[in-house]
Amino acid sequence: MALAAAAACGLTGSLPATAREVDDSYTVAQRFEQYKDQYSGITWPAVTLAEGQEILFDRSYKRLSDRSLGLDVFLPSQRRRLGTALVLVHGGAWRSGDKSHFYALASRLAGLGHTVILPEYRLAPEAGYPSGMTDAADALRWVHDNAAHFGIKPGWIAVGGASSGGQMAALLAYDARIRTDEAGRVVPVAALIDLDGVLDMTDPLALQFENAAGDKSPFAQWVGGSFESTPQTWIDASAAHHVSPRSPPTLILGSGIPRFTAGRVAVLAALKSHGTRTEVYDLFDAPHDFWLFEPWLTPTARRIDRFLRALLSSSQMGDGR
């Protein structure tokens, strides 16, 4: 654990009023050390920008009472720009992680023609559910409001996420209430990309792991209690309980570890019953956070690219209401 300040400060004996608790236990380096002897061929990904690619760091999208929340924008070259965009929510068990964990994947997708936006959001040590969801929705709204500036086509903004960020992205995509502003306007979502994110927190497999420590489980700490003490909140925070005919086309990429996409069988069946396009792929013999490393990063980027291009070609990107 560490205490981080929202504003820069000198090395003094007191913390500024804007200091907040940050859980820095989950890092890419820590995961590489954990996996290097377990997965043969695992390597750090190379991040190479194509000519004309740009990265805009820490653009403020939301002002809180004591600090701003920022996002990073990965722009394709003008020559390769497709007009599609993907807002990616980072993982970290709802209490840790950082948008920088997506830099390699975002750079790769931008090189393929997609604008990628990585938002910062409030984690459990700073603010519990639904604050992080509200932040993600506000980031999505900011992208829609600024779409023309970045060459993004209206109605072609998808959301995605990994691990806990995948759970959040799925909830954002399927529960339109989160994306509805005070005037009743719904921010649309064109597609969902879920990277090993749980789709139903009340699925028996999810409960076996996500509720194992009761109130001390990471998800329980985020939503304010164990499943036994706050069952309705666990239901409301589960994307599977919000699937409807307006749910967007969905791509699920999994590590092959069933617990991390718990609920997907029911979700896929419901989406297909509504005629919604769905695709699912498992990268067997891969770590949970496969998007961080090769040899899994490249096929992950390619699958996402193919899915978005297929929707673009068929004009099937959802209205996301």
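Above this text is the structure in question.
Quick look at the structure, then. It should be emphasised that the depicted structure is a prediction, and the values quoted were computed from it without experimental measurement.

Looking at the layout of surface pockets
There is about 430 Å³ of room inside the largest pocket. Taken together, 26 residues line the largest pocket, and the ones lying closest to its centre are Arg 20, Gly 97, Asp 98, Glu 120 and Leu 123. Residue assignment for the lining of the largest pocket shows that the elements contributing at least two residues are β2 (19–22), β3 (54–63) and β4 (68–75). Across the lining of the largest pocket, the residue classes break down as 6 nonpolar, 8 polar and 12 charged. As a volume, the second largest pocket reaches approximately 350 Å³. Taken together, 23 residues line the second largest pocket, and the ones lying closest to its centre are Ala 93, Ser 163, Arg 259, Phe 260 and His 288. Secondary structure elements with two or more residues in the lining of the second largest pocket: α4 (164–174) and α5 (204–210). Here the lining of the second largest pocket is built from residues that sort into 10 nonpolar, 8 polar and 5 charged.

Remarks on the packing of helix α2 (residues 103–111) against helix α9 (residues 297–314)
Direction vectors running N to C along α2 and α9 enclose 45°, while the axes themselves pass 10 Å from each other. By the criterion of interaxial angle, the relationship of α2 to α9 is oblique. Crossing angle aside, the handedness with which α2 passes α9 is right-handed. Between α2 and α9, the residues in contact are Ala 104, Leu 105, Arg 108 and Leu 109 and Leu 297, Thr 298, Thr 300, Ala 301, Ile 304 and Asp 305, respectively. When grouped by side-chain class, the residues that make up the contact of α2 with α9 number 6 nonpolar, 2 polar and 2 charged.

Considering the sheet that holds strand β7 (residues 157–162)
Strand order across the open sheet formed by 8 strands is β3-β4-β6-β5-β7-β8-β9-β10, with mixed pairing between neighbours. What marks the edges here is a single partner per strand, and that holds for β3 and β10 (278–282). Going across the sheet, the axis of each strand differs from the next one's by a mean of 20°, ignoring polarity. Here helix α3 (residues 131–145) sits on the sheet and contacts β3, β4, β5 (85–89), β6 (115–119) and β7; the angle it forms with β3, its principal contact strand, is near 120°. The sheet strands contacting helix α8 (residues 264–273) are β9 (250–254) and β10, and the helix crosses β10 at an angle near 155°.

Comments concerning unusual backbone geometry
Cis geometry is found at the peptide bond from Tyr 129 to Pro 130, where omega equals 10°. Relative to the elements of secondary structure, Pro 130 occurs in the loop between β6 and α3. In the segment running from Glu 294 into Pro 295, the intervening peptide bond is cis, with an omega of 15°. Here Pro 295 is to be found in the loop between β10 and α9. Of note in the backbone geometry, Trp 94 takes a positive phi value of approximately 65° without being a glycine. Relative to the assigned elements, Trp 94 resides in the loop between β5 and α2. Despite not being glycine, Asp 285 has its phi angle at roughly 60°, a positive value. As for its position among the elements, Asp 285 is in the loop between β10 and α9.

A few points about empty space enclosed by the protein
In total, this model carries 1 cavity of 30 Å³ or more according to the counting rule given. For the largest cavity, the calculated volume is near 40 Å³. Per-class residue counts for the lining of the largest cavity are 4 nonpolar, 3 polar and 1 charged.

Points about the environment of Phe 150
Within the secondary structure layout, Phe 150 lies in the loop between α3 and β7. What makes Phe 150 buried here is its relative accessible area of 6%. Placed 69 residues apart in sequence, Phe 150 and Arg 81 show a C-alpha to C-alpha distance of 9.9 Å. Discounting chain neighbours no more than four positions away, the residues touching Phe 150 are Leu 56, Val 73, Leu 75, Arg 81, Thr 115 and Trp 142.

Focus on the packing of aromatic side chains
Evaluated as defined, the whole model comprises 16 aromatic pairs. Note on Tyr 129 and Trp 222: the rings are 5.1 Å apart at their centroids and 70° apart in plane angle, and the pair reads as edge-to-face. Of this pair, Tyr 129 sits in the loop between β6 and α3 while Trp 222 sits in helix α6 (residues 218–223), and the two are 93 residues apart along the sequence. Residue Tyr 129 is classed as partly exposed on the basis of its relative accessible area of 23%.

Quick notes on the rules
- Residues numbered from 1 in each chain as written.
- Predicted model: local features only at pLDDT ≥ 70, side-chain atom pairs only at ≥ 80, totals over all residues.
- Heavy atoms only, no water.
- 1 Å grid on protein atoms, 1.4 Å probe; cavity = no way out; pocket = protein on both sides within 12 Å on 5 of 7 lines; lining within 4 Å.
- Points joined across faces, edges and corners; volume = space filled by probe spheres on them.
- Helix = DSSP H or I, 4+ residues; strand = E, 2+ residues; numbered from the N terminus.
- Nonpolar A, V, L, I, M, F, W, Y, C, P; charged D, E, K, R; others polar.
- Axes fitted to C-alpha atoms, helices over the stretch in contact; angles between N-to-C directions.
- Parallel < 35°, antiparallel > 145°, perpendicular 65-115°, else oblique.
- Left-handed = near helix turned anticlockwise from the far one by under 90°.
- Contact = heavy atoms within 4.5 Å.
- Pairing = 2+ DSSP bridges.
- Buried < 20%, exposed > 50% of the residue type's maximum accessible area, 1.4 Å probe, protein only.
- Phe/Tyr/Trp six-rings, centres within 6.5 Å; stacked < 30°, edge-to-face > 60°.

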